[in-house]
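# Commentary on secondary and tertiary structure
Chain residues, written in single-letter form:
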Amino acid sequence: MKKFLCYTSLFTLIVLTVLAAFEWSLRRIPTLYTATHQALTERAPQLHTLIMGSSVAKDGINALLLDSTGRAYNMAMPGEQVTYGYLKFCHYAERMPQLRDVVWGLAFYNLFQDDRTDVDASKRAGHRIYMGIDTTDDWMDGVECLSTKSLALRKWTDYYIKGKDLIACDTYGLNMQMPKAQRRKGYLDNAAERAHGHNKEALDNHSLIVANAHMIDSVATRCAARGIRLWLVLPPVSRPYGKACNASLLREAADTLSAIASRHKGVYAIDYMLDARFTDDDFFDRNHLTCDEGARKFTLLLRHDMRQHCPQALR
């Protein structure tokens, strides 16, 4: 019996040691979460312009072009929906005493999603462990290898074995992984299919727009109280994707943001989804602009339109 207990204890110790070493190695991997947290922590006192939102903002809005003073940062993240956008703003904005403009870029379907119900547990772990956002009392949520399981192994393999850059952004937060030169030939082949998928997801989870609108409105209230301008932006999409989208859902998303803007001073809603000034050549895929030419075109147009709405914007 003593031998059995000794072997069991030894085995348990080995397992715990391996898990601890694995967790330690995961925490040392530089990721978009760690880079964003570090940038926001270090630059918060000087920031004038903050960009937030999902991948459509991460790939399509060039912070340095938008605010040439260099006091801007794009904290948007791929796959990030309204919930974590709201929580991140609440978490970091109070540390930004000079903040003047907040640009929130959203895909229409983001209004019908909730980050915390996503099957991708790495999103929740990333915000909780590396940013201190949306923490829980469950100790396992603070252990990446246990809370994300196979996703943790993929992250470890991507960095230590494959040597992938898990940040892939410039110093102002723009995603650099989607240049026009790396666009595949049939980059719009599945545009209609993806649009139908987003239509279905939005219709299946239609009631979420109420909670999401409430969170966006809360950010608008906070911005208005501090004299910060908030720009609610729906970036452009490719033509085949836009044609396949449910027109009523696109209209509902735009109307929801416009209604929020109408209730607050200094809050603006701009809809570029079906803007004819953009061509399919501006896109990397169905609804993401190329991070070079496409992002430049959109950012310069956005800057112009922001100053048309408010001459003091980005000053």
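Now for a description of the structure that goes with this document. (Residues numbered from 1 in each chain as written. Predicted model: local features only at pLDDT ≥ 70, side-chain atom pairs only at ≥ 80, totals over all residues. Heavy atoms only, no water.)

### Structural notes on the layout of surface pockets
Taken as a whole, the largest pocket spans an internal volume of roughly 1,100 Å³. Those elements that provide at least two residues to the lining of the largest pocket are helix H2 (32–43), helix H3 (55–60), helix H6 (121–131), helix H7 (144–148), helix H8 (150–161) and helix H9 (191–204). The element that contributes the greatest number of residues to the lining of the largest pocket is H8, accounting for 5 residues. Split by residue class, the lining of the largest pocket holds 12 nonpolar, 15 polar and 12 charged. (1 Å grid on protein atoms, 1.4 Å probe; cavity = no way out; pocket = protein on both sides within 12 Å on 5 of 7 lines; lining within 4 Å. Points joined across faces, edges and corners; volume = space filled by probe spheres on them. Helix = DSSP H or I, 4+ residues; strand = E, 2+ residues; numbered from the N terminus. Nonpolar A, V, L, I, M, F, W, Y, C, P; charged D, E, K, R; others polar.)

### Focus: the pairing of strand S3 (residues 101–105)
In terms of residue burial, S3 counts as a mostly covered element, since 5 of its 5 residues are buried. Of the two faces of S3, the one lined by Asp101, Val103 and Gly105 and the one lined by Val102 and Trp104 are each fully buried. When strand S1 (residues 49–53) meets S3, the two strands line up parallel, connected through 5 bridges. Paired with Leu50 across the bridge in S3 is Val102. For S3 and strand S4 (residues 229–234), the ladder comprises 5 bridges, and the chain directions are parallel. Following the sheet pairing, Val102 is matched in S4 by Leu230. (Buried < 20%, exposed > 50% of the residue type's maximum accessible area, 1.4 Å probe, protein only. Pairing = 2+ DSSP bridges.)

### Describing unusual backbone geometry
With a phi close to 50 degrees, Lys149 is a non-glycine residue in the positive phi region. Along the chain, the position of Lys149 falls in the loop between H7 and H8. For Lys149, a relative accessible area of 56% translates into the label exposed. Positive phi outside glycine occurs at Ala168, with the angle close to 50 degrees. Counting through the fold element by element, Ala168 comes out in the loop between H8 and H9. Given the relative accessible area of 9%, Ala168 is considered buried.

### Digging into the pattern of salt bridges
This model, assessed by the stated rule, comprises 18 salt bridges. Here Lys88 and Glu80 are joined by a salt bridge, their closest N and O atoms 3.2 Å apart. Here Lys88 matches Glu80 in class, with each residue buried. Its salt-bridge partner being Lys297, residue Asp282 comes within 2.9 Å of it at the nearest N-O pair. Here Asp282 is found in the loop between strand S5 (267–271) and helix H13 (293–309), whereas its partner Lys297 is found in helix H13, with 15 residues between them in sequence. A relative accessible area of 33% places Lys297 in the partly exposed class. Linked by salt bridges that have partners in common, Lys180, Arg183, Asp281 and Glu293 make up one network. (Salt bridge = Lys/Arg side-chain N within 4 Å of Asp/Glu carboxyl O.)

### A closer look at the packing of helix H5 (residues 82–92) against helix H10 (residues 208–226)
Contact geometry for H5 and H10: axes closest at 9 Å, N-to-C directions at 25 degrees. Here H5 is positioned roughly parallel relative to H10, judged by the angle of their axes. The two elements H5 and H10 meet at a crossing, and its hand is left-handed. In this structure, H5 uses Val82, Thr83, Tyr86, Phe89 and Cys90 to contact H10, whose residues at the interface are Asn212, Met215, Ile216, Ser218, Val219, Arg222 and Cys223. Classifying every residue of the contact of H5 with H10 gives 8 nonpolar, 3 polar and 1 charged. (Axes fitted to C-alpha atoms, helices over the stretch in contact; angles between N-to-C directions. Parallel < 35°, antiparallel > 145°, perpendicular 65-115°, else oblique. Left-handed = near helix turned anticlockwise from the far one by under 90°. Contact = heavy atoms within 4.5 Å.)

### Quick notes on the packing of aromatic side chains
Between two aromatic rings, the relevant description is the distance of the centres plus the angle of the planes. This model, assessed by the stated rule, comprises 7 aromatic pairs. With 5.0 Å between their ring centres and 80 degrees between their planes, Tyr159 and Tyr160 make a pair best called edge-to-face. Taking the relative accessible area as the measure of exposure, Tyr159 reaches 29% and is therefore partly exposed. Ring centres of Tyr272 and Phe298 lie 5.1 Å apart, and the angle between their planes is 85 degrees; this geometry places the pair in the edge-to-face category. Of this pair, Tyr272 sits in the loop between S5 and H13 while Phe298 sits in helix H13, and the two are 26 residues apart along the sequence. Overall, the relative accessible area of 1% leaves Tyr272 in the buried class. Judged by its relative accessible area of 0%, Phe298 is buried. Put simply, the rings of Phe22, Trp156, Tyr159 and Tyr160 touch in pairs and so form one group of aromatic residues. Here the guanidinium or amino end of Arg43 rests over the ring plane of Tyr172, the centre of that ring lying 5.7 Å away. (Phe/Tyr/Trp six-rings, centres within 6.5 Å; stacked < 30°, edge-to-face > 60°. Lys NZ or Arg CZ within 6 Å of the ring centre and 35° of its normal.)

### A look at empty space enclosed by the protein
For the structure shown, the criterion picks out 1 cavity of 30 Å³ or more. As a volume, the largest cavity reaches approximately 60 Å³. Taken together, Val56, Ala107, Phe108, Tyr109, Pro235, Pro236, Val237, Tyr241, Leu250, Met273 and Asn287 make up the full set of residues lining the largest cavity. Residues that form the lining of the largest cavity fall into these classes: 10 nonpolar, 1 polar and no charged.

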